[in-house]
There are 4 protein chains.
Amino acid sequence: MKYSVKDISLAAQGENQIAWARAHMPALIDLQNHFKKTKPFKNLKIGMALHVTKETGVLVETLIAGGAQVAIASCNPLSTQDETAAYLAKKGIAVFAYKGESKSDYYKFIKLVAAEKPNITIDDGCDLVYEIHKNHPKIIPQIIGGCEETTTGIIRLKSMERESALKYPMVAVNDNLTEHLFDNFYGTGQSTFDGILRATNILIAGKTVVVAGYGDCGRGIALRAKGLGANVIVTEVNPVRALQAAMDGYNVMKMVDAASRGDIFITATGDKHVIVPTHIKKMKSGAILCNSGHFNIEIDVDGLDKISSSKKTIRPFVEKYFIGKGANAKIIYLLGEGRLINLSAAEGHPSEVMDLSFCGQALACEWLVKNHKKLHAKVYTLPQSIDEKIARLKLGTLEIQIDKLTSEQQHYLSSWQEGT
Amino acid sequence: MKYSVKDISLAAQGENQIAWARAHMPALIDLQNHFKKTKPFKNLKIGMALHVTKETGVLVETLIAGGAQVAIASCNPLSTQDETAAYLAKKGIAVFAYKGESKSDYYKFIKLVAAEKPNITIDDGCDLVYEIHKNHPKIIPQIIGGCEETTTGIIRLKSMERESALKYPMVAVNDNLTEHLFDNFYGTGQSTFDGILRATNILIAGKTVVVAGYGDCGRGIALRAKGLGANVIVTEVNPVRALQAAMDGYNVMKMVDAASRGDIFITATGDKHVIVPTHIKKMKSGAILCNSGHFNIEIDVDGLDKISSSKKTIRPFVEKYFIGKGANAKIIYLLGEGRLINLSAAEGHPSEVMDLSFCGQALACEWLVKNHKKLHAKVYTLPQSIDEKIARLKLGTLEIQIDKLTSEQQHYLSSWQEGT
Amino acid sequence: MKYSVKDISLAAQGENQIAWARAHMPALIDLQNHFKKTKPFKNLKIGMALHVTKETGVLVETLIAGGAQVAIASCNPLSTQDETAAYLAKKGIAVFAYKGESKSDYYKFIKLVAAEKPNITIDDGCDLVYEIHKNHPKIIPQIIGGCEETTTGIIRLKSMERESALKYPMVAVNDNLTEHLFDNFYGTGQSTFDGILRATNILIAGKTVVVAGYGDCGRGIALRAKGLGANVIVTEVNPVRALQAAMDGYNVMKMVDAASRGDIFITATGDKHVIVPTHIKKMKSGAILCNSGHFNIEIDVDGLDKISSSKKTIRPFVEKYFIGKGANAKIIYLLGEGRLINLSAAEGHPSEVMDLSFCGQALACEWLVKNHKKLHAKVYTLPQSIDEKIARLKLGTLEIQIDKLTSEQQHYLSSWQEGT
Amino acid sequence: MKYSVKDISLAAQGENQIAWARAHMPALIDLQNHFKKTKPFKNLKIGMALHVTKETGVLVETLIAGGAQVAIASCNPLSTQDETAAYLAKKGIAVFAYKGESKSDYYKFIKLVAAEKPNITIDDGCDLVYEIHKNHPKIIPQIIGGCEETTTGIIRLKSMERESALKYPMVAVNDNLTEHLFDNFYGTGQSTFDGILRATNILIAGKTVVVAGYGDCGRGIALRAKGLGANVIVTEVNPVRALQAAMDGYNVMKMVDAASRGDIFITATGDKHVIVPTHIKKMKSGAILCNSGHFNIEIDVDGLDKISSSKKTIRPFVEKYFIGKGANAKIIYLLGEGRLINLSAAEGHPSEVMDLSFCGQALACEWLVKNHKKLHAKVYTLPQSIDEKIARLKLGTLEIQIDKLTSEQQHYLSSWQEGT
């Protein structure tokens, strides 16, 4: 059996975790049951580079139910849940991942997936696509297409497309409304506070929370902060978003002005060095810094290190920095080393949110199978009907029924003359 | 002096109303001050068919400050504020409008505006553009372009464009983020309840409010209903929006199921016959129906009439329908005859919201002047920079300062390689 | 027929208004139906000094249904709804009230009620009780007791009780939870913004609203401000309430600091001179002042007058004050002359809230009838069971069913030993 | 040195935890600094039976700063944080507590505290008072008084008072507004969801959350549920509270009706068997049950066991019950064995909330010292001035300044004549 996991004996625990995930991913399970009948992936191999979590486990099961053979590596050296990996390995899946894997193992594992000669690739950050284009060009003729989960990966792919370096069709799954309107807003909103509370156990009510960035993530974070009783300040660079934040009742100002008011600072901009020593120097002693953006560059941690006299870990995921010395030293707390707080101190997005995202992945694969003959080596967005199908699947599992347009209503909408 | 208004002696009242509007449209006033210096509309005539309200009065003043000559008719026989019209007439502007104007006067007035031979047209529903194309083709060569405010108007123009019937460039002002994200969401959200409260004086807290449609308008209405203490039910036909409503904590169901639960029903779908007798028959006695969508077709008022034994007006904008007879008759209240409740029972959108929309109109005119030589007889969306300019103007008047990207941050955003 | 109203021909309009009130006071109607059978007030006269509104009309009908004869004067020279008075007069009730009655008529009318020799009195501010004690002591032996609606009236009565000047038992209806937890919080919260919107038509979203006082009224106002998208600042003198406001996510500061930040100021403290020229001088030009407290003394209107160079009414209930002169004059808007904004610019509390308060009045009368032999000339609070009865009546009309304690649960609650 | 702790080498970790607590209990630290100067507890011994947590550690330090000698046992066999106990022991404090102590050790430790002959007692549940009255009556003459934290304890003490069994004065600290308005509402509200998320990692948005009980705890839980995007149902037995819940926009119904709708059930009633098999049988498969009330009797766990075919622990604090067998078995998840979810799966109340409660404890001790000569063997509530002092201390540390009544305002409030 081909696999490389930390400890195969964790499989039983992994089974429990996956059962818990399944219970909260009903739309994907519905799709799984459908695939069991239609077998869209019969005789196909799917290669994946994704976070190896319990939710990904359910995606793997869904693809296999559809007839696929699956090989999977991780897309991040730190995010693997070893129990899940063990469970998948035990089930005979080619899984190559362990939590805290070395850089060389990380790339070796991706190579091992490519070596399985997949017909479809699924990526989160584009590393598998990159590996195949660079080192396994021979397998490309057998590849139907690939799916990419992240904005970052899409940027990379579009650049490849522009330079004619892209050699097979790719689906930008993140373009799905059922992905970015839900994952970023509801997922990040809640899990950011889950992470903060696990790390600190502080009271949010009455705190001044500064949210940097008012995109989908920032809007979700600000809404949950307000819902927990915080007084919220928003910083932005985009004037339209800044105006929305103001109309939503938040204080909007520059970070340099927010610095002296905030108790908790949360970055969600997608940009770097949003909080730098200039800001930190103005903060109150006891201020807490954390990040909910993709990479650990939003807070200038090196800068914080440089202006600090010392630091110490006082709780898991809580580092205390001393700025100045002795009794008058100012204290700044940094959570999770400035990495994604929801993944470092908590468990990332809830399964319910991944349910939507992974329905998108699974349906993107099916769409590639059905349409690959018409497709070119370009980046595609799925048709709106697939988004609606995902939403309908989810609504169905929530036992929510919605209205249908009558033919009279449909006619009205398509003929603009009536009603003027 | 050319004008046709109800009563010129209302001009003093109109001045007060316009002063009040100016005080709440600071961004447009800023633009006005800028136009005073730059005079972008020097030697140009601008013809308008818009609601003749105090806010429109400020727009007219702004265009004149920029050097324009203005002629204006109304775009709706019922929406003219006669004091505003009187004030504008007294100031020497060619204004043709009175509240409750006859159909023949309505069209006569639009013809009078066309007769002024405008170089730029501003429309809300496309009637002026239509009149010019149909009856005044000779003036088209002198026309630089036009602006259209509404979605309905845009649909009409795109149809003309497709059939090559459109003869000069048009700007779709409604495409501006500063228009549709603010006007529909914050404007309609608040003013719908303003209208309901003026009509009924009922307590919203504890009521079950059914919102039909979860687009920008419906989302704004649902949010304000919740903010006033209601229990909110949403009905939708689009599954993605229905799912959003569910994730936002609302009950989502078919109208036929919501019918028996609701105390107040508000339609905001843009479609017709969203509430029909089938629904009304299931409602509780005392249910209140109203509409916040563009046209008075969302509630099937004829259908309601047919199933009723009698009706009577019991307060301004409140009609009481009796379904069945005698002591057991069920009562249904219809507000504002099923017309836009915020305009029929209250004063429409607050000035602050029109501030953004009319900055869009004024800047669209300026953009036409600057770019018309490059433009074709097509429908255009303004560049994002104009949206940002409007938002910046508004933020400035709110004394809100926001961050600017550092060059390091700009570089990071444009180079996708870093950070992976 | 004994009555004194403005115009008896308004009775038909009054009937419509009372019908609307009845439709939104279902608990009181339930009680009315009960009284029709039990006739608790048979052979009794009830004298009232209350706001003569449509809701009071329903209370009058309820008492009459219970067998009472009723005589009523107003408790405020400005609050009478003339249509309601006309309707009641036409029905044969001894009603003495018109909107804008002179001071001499005001007191004459109260005397006329006393002259009817009531057996029970109902007061809002204690003027009828005072009149009877002072000028009609001979009728006191026939008086069973009285009810008082307001905190102010209660303070007056307790003072009389302390000085042994009180000669018959009084019920403090305001002590009912179903009165002060609902009327002040939900009633004032909503109707304050109803008044502001009718007066100004401004957008609340994005405004900074300063609420002075965080009692039941202030909490209700702050919550609705937030619900409409405002950024809320609270001022308080009581540290526990100030801390609650902070924990509820609001900015809390001194009025002198809030002055320069606020767009709209709302007073709800029950105290005088909460906003004075010192504060007004620090405000932004364009700030709006209004009051939701009982009396028009919370804003120092005389002080505002003194620092202003001129003023003018620009919309109904909106006065524009100029502070300083010429183009640099600062503008301050005062709404409703500093009187209760919900009553001056809108219609006061919604019927649904008065439903609870007037169930309290009606049940207080019944309780007096049943218990007067045991009562002394003191101020009484109704037993908790009556509060619960009112709440149950209301829940019943809302078709809400709630749980009942099992005998096991009742036993558990009364025996503290179990469970430790 | 007298102590009995699990592992003295945990002291360094304890120091970190206590440092973290201190940083979030600024009001208590202020009081500590004050006590350092005034030494109110000089020559006094204080005996405590409290949860031995990091926050309690700060209270112990505060009392010692005031000159006291302290001996402490736990008031619950499971709630001791062993690092904190180790740290206190190392500092020379007589601490007797370890997590998971046996019943005999539990009572032995309380006896050891009594054996120290305290002059003041501090209790959470009344066990130390009970022990002293029963087994150490000789030390009572030296006892100035005691403080009790919980409602349950107060009930016990009042019963002793009624039967003249109470032999020294007791302060009911829970009566402080700064205790029950904050601890129950903000503390329980947040920490309940902290516990649920740590246990389950589910998405709250879009879930139907059933909250049993709408007291201070239930109101806090419902508000946070709404703030996290849930659709909330409330069950109650008290009609006034039920009506409040309805007016707050929640669905209110019987538990038997809520049972089939809920996704998550949270009990906070203070009563027993609020959720029983009758309800569970109606629930959806996958429903999650948990408790936020004091004791683990709100959910009938034995009843759940009886109707289940099997159960298994699938994540820490998550037990999966199978009702019925095979593929059709219904699944019910029980969190934390039905014990307080915030303490079992998370860390209990945040330090900021305990800051207020423990200021109450420390000031109650000081009040006993100052007033004990006037006191009797009764249960006392602290004067309002102490509540205000606590709130002022806290506001001071939050750098919030509030208004003070002017003498004019004070006069107005005390003289009811003005303003009528």
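Given the structure is predicted, the values throughout are model-derived calculations rather than measurements. (Residues numbered from 1 in each chain as written. Chains lettered and ligands numbered in written order. Predicted model: local features only at pLDDT ≥ 70, side-chain atom pairs only at ≥ 80, totals over all residues. Heavy atoms only, no water.)

Let us now look at the interface of chain B and chain D. Opposite the 14 residues of chain B that make contact, chain D presents 14 residues. Both sides of the chain B and chain D interface together cover about 890 Å² of buried area, and 44% of this is carbon and sulfur. Interface area lost by chain B to chain D is led by Asn231(B), Met247(B) and Gly249(B), which between them contribute 42%. If you look at where chain B meets chain D, you find zero salt bridges. Linking chain B to chain D there are four residue pairs in polar contact (both at pLDDT 80 or more). Class assignment of the residues belonging to the side of chain B that touches chain D gives a composition of six nonpolar, five polar and three charged. (Contact = heavy atoms within 4.5 Å. Buried area = accessible area lost by both parts, 1.4 Å probe. Salt bridge = Lys/Arg side-chain N within 4 Å of Asp/Glu carboxyl O. Polar contact = N/O pair within 3.5 Å; in protein donor to acceptor, adjacent residues only side chain to side chain. Nonpolar A, V, L, I, M, F, W, Y, C, P; charged D, E, K, R; others polar.)

With that out of the way, let us pick up the sheet that holds strand β12 (residues 310-315) of chain D. Hydrogen bonds between backbone groups are what pair the strands of a sheet, and the pairing can be parallel or antiparallel. Residue and element names in this part refer to chain D. One open sheet holds the eight strands; their spatial order is β9-β8-β7-β10-β11-β14-β13-β12, and the pairing between them is mixed. Two strands lie at the open edges of the sheet, namely β9 (251-252) and β12, each paired on one side alone. Where strand β11 (residues 287-291) meets strand β14 (residues 330-335), three bridges bridge the pair, whose relative direction is parallel. The residue of β14 that forms the bridge with Ala287 is Ile332. Together, β7 (208-212), β8 (231-235) and β10 (264-267) form the strand contacts of helix α9 (residues 216-227), whose direction differs from that of β7 by roughly 170°. (Pairing = 2+ DSSP bridges. Helix = DSSP H or I, 4+ residues; strand = E, 2+ residues; numbered from the N terminus. Axes fitted to C-alpha atoms, helices over the stretch in contact; angles between N-to-C directions.)

Counting residues at the interface gives 55 residues for chain D and 55 residues for chain C. Contact between chain D and chain C buries roughly 5300 Å² in total, counting both sides, with carbon and sulfur atoms accounting for 65%. Seen at the junction of chain D and chain C, the total is two salt bridges. In this structure, Lys272(D) engages Glu408(C) in a salt bridge whose closest nitrogen and oxygen atoms are separated by 3.8 Å.

This brings us to the relation of the copies chain B and chain D. Of the transformation superimposing chain B on chain D, the axial component is 0.0 Å and the angular component is 180°, with the fit at an RMSD of 0.0 Å. These values place the two chain copies in the arrangement generated by a two-fold rotation axis. It is Asn231(B) whose C-alpha, among those of chain B, lies nearest the rotation axis, at 4.7 Å. Both copies contact each other with a shared surface, as 100% of the interface residues of chain B are interface residues in chain D too. (Least-squares fit on C-alpha atoms with pLDDT ≥ 70 in both.)

Turning our attention to the environment of Pro383(D). By the element assignment, Pro383(D) lies in the loop between β15 (379-380) and α16 (384-397). For the pair Pro383(D) and Ser191(D), spaced 192 residues apart in the sequence, the C-alpha separation amounts to 30 Å.

Taken as a whole and judged by the stated rule, the model has 80 salt bridges over all chains. Linking Lys311(C) and Asp305(C) is a salt bridge whose minimum nitrogen-to-oxygen distance equals 3.3 Å. Overall, the relative accessible area of 31% leaves Asp305(C) in the partly exposed class. Taken together, the shared-partner salt bridges in this structure form one network comprising Lys54(A), Glu55(A), Asp194(A), Arg198(A), Glu347(A) and Arg315(D). (Buried < 20%, exposed > 50% of the residue type's maximum accessible area, 1.4 Å probe, protein only.)

Interpretation in functional terms is not warranted from these geometric data alone.
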